[in-house]
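In case you want the letters, here they are:
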Amino acid sequence: VTVSIAYDVIIPVGYKDTGFVWRVVKYIRKYMPECDNIYILTSEKNFKYLRKINDNKTSLINENEVCKDLSFPKVSLYLKEANSSAGTGWYFQQFLKYGFALSKYAKKYYLSWDADTLPLTHINFFKEGKPMFTMKSEYNPNYFKTIQKLLELSKQVDDSFIAEHMMFDKDIVYKLIQKINSSNIKGENWIQKIINVCDFKDPLPCFSEFETYGTFVMSAYKDMYYQRRLNTFR
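One structure accompanies this document, and this report is about it.

Cut-offs and rules
Residues numbered from 1 in each chain as written. Predicted model: local features only at pLDDT ≥ 70, side-chain atom pairs only at ≥ 80, totals over all residues. Heavy atoms only, no water. Helix = DSSP H or I, 4+ residues; strand = E, 2+ residues; numbered from the N terminus. Rg over C-alpha atoms; globule rule 2.2 N^0.38 Å. Buried < 20%, exposed > 50% of the residue type's maximum accessible area, 1.4 Å probe, protein only. Contact = heavy atoms within 4.5 Å. Areas by Shrake-Rupley, 256 points an atom, 1.4 Å probe, with all protein chains shown as cover. Lys, Arg positive; Asp, Glu negative; His and termini not counted. Charge placed at Lys NZ, Arg CZ, Asp CG, Glu CD. Polar contact = N/O pair within 3.5 Å; in protein donor to acceptor, adjacent residues only side chain to side chain. Pairing = 2+ DSSP bridges. Salt bridge = Lys/Arg side-chain N within 4 Å of Asp/Glu carboxyl O. Patch = residues over 30% accessible without salt bridge, like charges linked within 9 Å, V, L, I, M, F, W, Y side chains within 5 Å.

1. Overview of the overall build of the protein
- Helices and strands together make up the secondary structure of the protein, namely seven helices and eight strands.
- For a compact globule of 234 residues, the expected C-alpha radius of gyration is about 17 Å, and the protein comes in at 17 Å, within 12% of that figure.
- Taking all 234 residues of the protein together, the buried fraction comes to 54%.
- For the protein, restricting intrachain contacts to residue pairs at least 6 apart in sequence, the fraction spanning at least 24 positions comes to 75%.
- If you sum the accessible surface of the protein, you get close to 11,500 Å²; carbon and sulfur atoms cover 49% of it.
- Between the centroid of the 33 positive side chains of the protein and the centroid of its 26 negative side chains there is a distance of 2 Å.

2. A short note on unusual backbone geometry
- For D69, which is not glycine, the phi dihedral falls at a positive 75°.
- Along the chain, D69 falls in the loop between β3 (58-62) and α2 (72-81).
- The phi dihedral of E128 is positive, around 50°, even though this residue is not glycine.
- In this structure, E128 sits in the loop between β5 (126-127) and β6 (130-134).

3. Thoughts on the side chain of D55
- Within the fold, D55 resides in the loop between β2 (35-42) and β3.
- Look at D55 and you get buried, because its relative accessible area is 19%.
- Polar contacts involving the side chain of D55 include one to the main-chain amide nitrogen of K57, which spans 3.0 Å.
- Of the polar contacts made by the side chain of D55, one reaches the side chain of T58; its length is 2.8 Å.
- Ignoring sequence-local partners within four residues, the contact set of D55 consists of V25 and R29.

4. What to know about the sheet that holds β6
- As summarised here, the arrangement of the three strands in space is β5-β6-β8, forming an open sheet in which the pairing is mixed. Every other strand in the sheet has two partners, leaving β5 and β8 (226-228) as the edge strands with one partner each.
- Pairing between β6 and β8: three bridges, direction parallel. Across the sheet, the residue bridging to F133 is Q227, located in β8.

5. What to know about the pattern of salt bridges
- Under the counting rule described, the total for this entry stands at 13 salt bridges.
- Note that K68 and D69 form a salt bridge whose closest N and O atoms lie 3.5 Å from each other.
- K68 sits in the exposed class, given a relative accessible area of 68%.
- Residue D69 is classed as partly exposed on the basis of its relative accessible area, which comes to 25%.
- A salt bridge links K201 to D199, with the nearest nitrogen and oxygen atoms 3.7 Å apart.

6. Re a positive patch on the surface
- Together, R23, K26, K30 and K52 give the surface a local cluster of positive charge.
- One can find K52 in the loop between β2 and β3.
- Exposure remark for K52: the relative accessible area of 55% places this residue in the exposed category.

Below is the structure:
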């Protein structure tokens, strides 16, 4: 049973995707009629490259003003303090997907969508009133070492939650952030705590926002989501 439920879409956009994302907006409008607002989270200096977007329900949001404590310079500083040479942008865009739940824009459901990905047919994100995870088969053990330290949770499912999109439930993201904030990991906020729990000596990345959220949901709220697979190509 498919139920039409409205949601917003967030698209974190780096400079390299500024020339392409107008197409993404166009295709989202074509194939995702349930989408209400689209929020492009990007650096203010990229706004001038995004004038081609002609959609009255698409807003450009300064990525450094999405929520308290989260900005590119702060994430860069936290990584430096953790002796990490990891790219700031890669971690920052992951944190933005959680941080949006704390913003004034967030409604019950918001879909994070990759800036380099086009939907090519209608995609429904809900079944029987519940959101669906899109499952894949990626596996990076480092993600689960971090999740274990951060949330004291082991891998919950055989598949991976890492896809080109994820439907977030604002209330669950909020609870996840609360849980990280209340942990005794060193750090003044959830962002710094995630960075401080990472093992940066390993060359493989050590944090996945989707794997962490999916694991948290399946441990405590598994009746609130369905799982499915979609045909995708890169």
